[in-house]
Amino acid sequence: MNQIQNRRTLFRRYADRRVAALLELHEILFYQNAGDRRDRLLMNTMNADYQTDRVALVQTIPETPSAVTVLCASESWSTPVPDRLLVGAGIQRVIDTHRQFEGALTLSRFRRSSIFSDSEWQSLWDSDLLEPATALLSVPVCPSNAPVAYLWLVADNGSREWSSHDRDLAEEEAVLLARVLDREMLR
């Protein structure tokens, strides 16, 4: 990666933020060797760009449709999560919802979705994400040769409204991650 960094952390225009974020991810993929360090750097970069508390790339398990395994995560999780199995009624509902609707899901603990039962909703925010959370942007990552995965951007404190720009950029990044998964570079 370039040793000289002349990047602003907050961009005035979405187009500038988009180009900077995608360029930074591409630089990581081109200049870092595949492995845990590179994958963690990808997640940390997204975490910083979205100004979230935690980021993870999770993948479905064909034999266990109500669970996901964590492929890689940002360092901001309080417990080590790579290769950890995440299960729960809330996670199952998120996966089922992705199967019904295309695109990113934006969820906020303070605005319960009618798709979730009360117990699923409580489970998602209190325990399924391993730590209490308040907002989730879940984006499908659809590789051609690997099981479906999801990019999860998680906020832990306070309300978070995900902008259309957040969703659009996360969906673009999901396409990039799908290519990485297809080439078996993650894991």
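Quick caveat: nothing in here was measured; it's all calculated off a predicted structure.

Let us now look at the confidence of the model for the protein chain. Across the protein chain, the average pLDDT comes to 89, with 92% of residues at 70 or higher. Model confidence for the protein chain, summarised as mean pLDDT per element, is weakest for helix α1 (residues 14-31) at 89 and strongest for strand β5 (residues 135-141) at 97. Note on residues 1-8: pLDDT is under 50 here. Beyond four places in sequence and across chains, it has seven contacts.

So, about the pattern of salt bridges. Tallied over the full model, the rule gives 14 salt bridges. Asp166 serves as the salt-bridge partner of Arg17, at 3.0 Å between the closest nitrogen and oxygen. In this pair, Arg17 is assigned in helix α1 and Asp166 in helix α5 (residues 164-182), connecting sequence segments 149 residues apart. The exposure classification of Arg17 matches that of Asp166, with both residues buried. Across the pair Arg112 and Asp118 runs a salt bridge, and its minimum N-O distance is 3.2 Å.

In this section: the packing of aromatic side chains. Going through the model one piece at a time under the given rule, you end up with two aromatic pairs. Ring centres of Phe116 and Trp121 lie 5.0 Å apart, and the angle between their planes is 70°; this geometry places the pair in the edge-to-face category. Judged on exposure class, the residue Phe116 and its partner Trp121 are both buried. On the basis of an interplanar angle of 75° and a centroid distance of 5.4 Å, the ring pair of Trp121 and Trp125 is categorised as edge-to-face. Remark: Trp125 and Trp121 occur in helix α4 (residues 118-128); sequence separation between them is four residues, near one turn of the helix. For Trp121, a relative accessible area of 4% translates into the label buried.

Moving on to the packing of helix α3 (residues 89-100) against α4. Packing of α3 against α4 leaves a shortest axis separation of 6 Å and a crossing angle of 115°. The angle between the axes of α3 and α4 places the two elements in the roughly perpendicular class. Crossing hand, α3 versus α4: left-handed. Contacts between α3 and α4 pair Ala89, Gly90, Ile91, Arg93 and Val94 from the former with Glu120, Ser123, Leu124 and Asp128 from the latter. Taken together, the residues of the contact of α3 with α4 break down into four nonpolar, two polar and three charged.

Criteria and cut-off values
Sequence order as written defines the numbering, with residues in each chain counted from 1. Confidence filtering applies because this is a predicted model: local features only for residues at pLDDT of at least 70, side-chain atom pairs given and counted only at 80 or more, and all residues used for totals across whole chains, interfaces and linings. No hydrogens and no water enter the side-chain calculation; it runs on all heavy atoms of the structure. By definition, pLDDT measures how confident the predictor is in each residue, and it falls between 0 and 100. Segments assigned H or I by DSSP are reported as helices when at least four residues long, segments assigned E as strands when at least two residues long, and all are numbered from the N terminus. Pairs of residues are marked as contacts when any of their non-hydrogen atoms sit within 4.5 Å. For this document, the term salt bridge refers to a Lys or Arg side-chain nitrogen within 4 Å of an Asp or Glu carboxyl oxygen. Summary of the burial criterion: residues with accessible area below 20% of their type's maximum are buried, those above 50% are exposed, and those between are partly exposed, where the area comes from a 1.4 Å probe applied to protein chains only. Aromatic rings from Phe, Tyr and Trp, with only the six-membered ring used for Trp, were paired whenever their centres fell within 6.5 Å, and each pair was classed as stacked if the ring planes differed by under 30 degrees, edge-to-face if by over 60, and tilted otherwise. Structural elements are reduced to axes, namely lines fitted to C-alpha atoms, with helices fitted over the stretch in contact, and the angle between N-to-C directions of any two is expressed from 0 to 180 degrees. Each angle receives one of four descriptions, namely roughly parallel if under 35 degrees, roughly antiparallel if over 145, roughly perpendicular if within 65 to 115, and oblique otherwise. Handedness of a crossing follows from how the near helix is turned relative to the far one, being left-handed for an anticlockwise turn of less than a right angle and right-handed for a clockwise one. In the scheme used here, Gly and all other residues not listed as nonpolar or charged are polar, with Ala, Val, Leu, Ile, Met, Phe, Trp, Tyr, Cys and Pro taken as nonpolar and Asp, Glu, Lys and Arg as charged.

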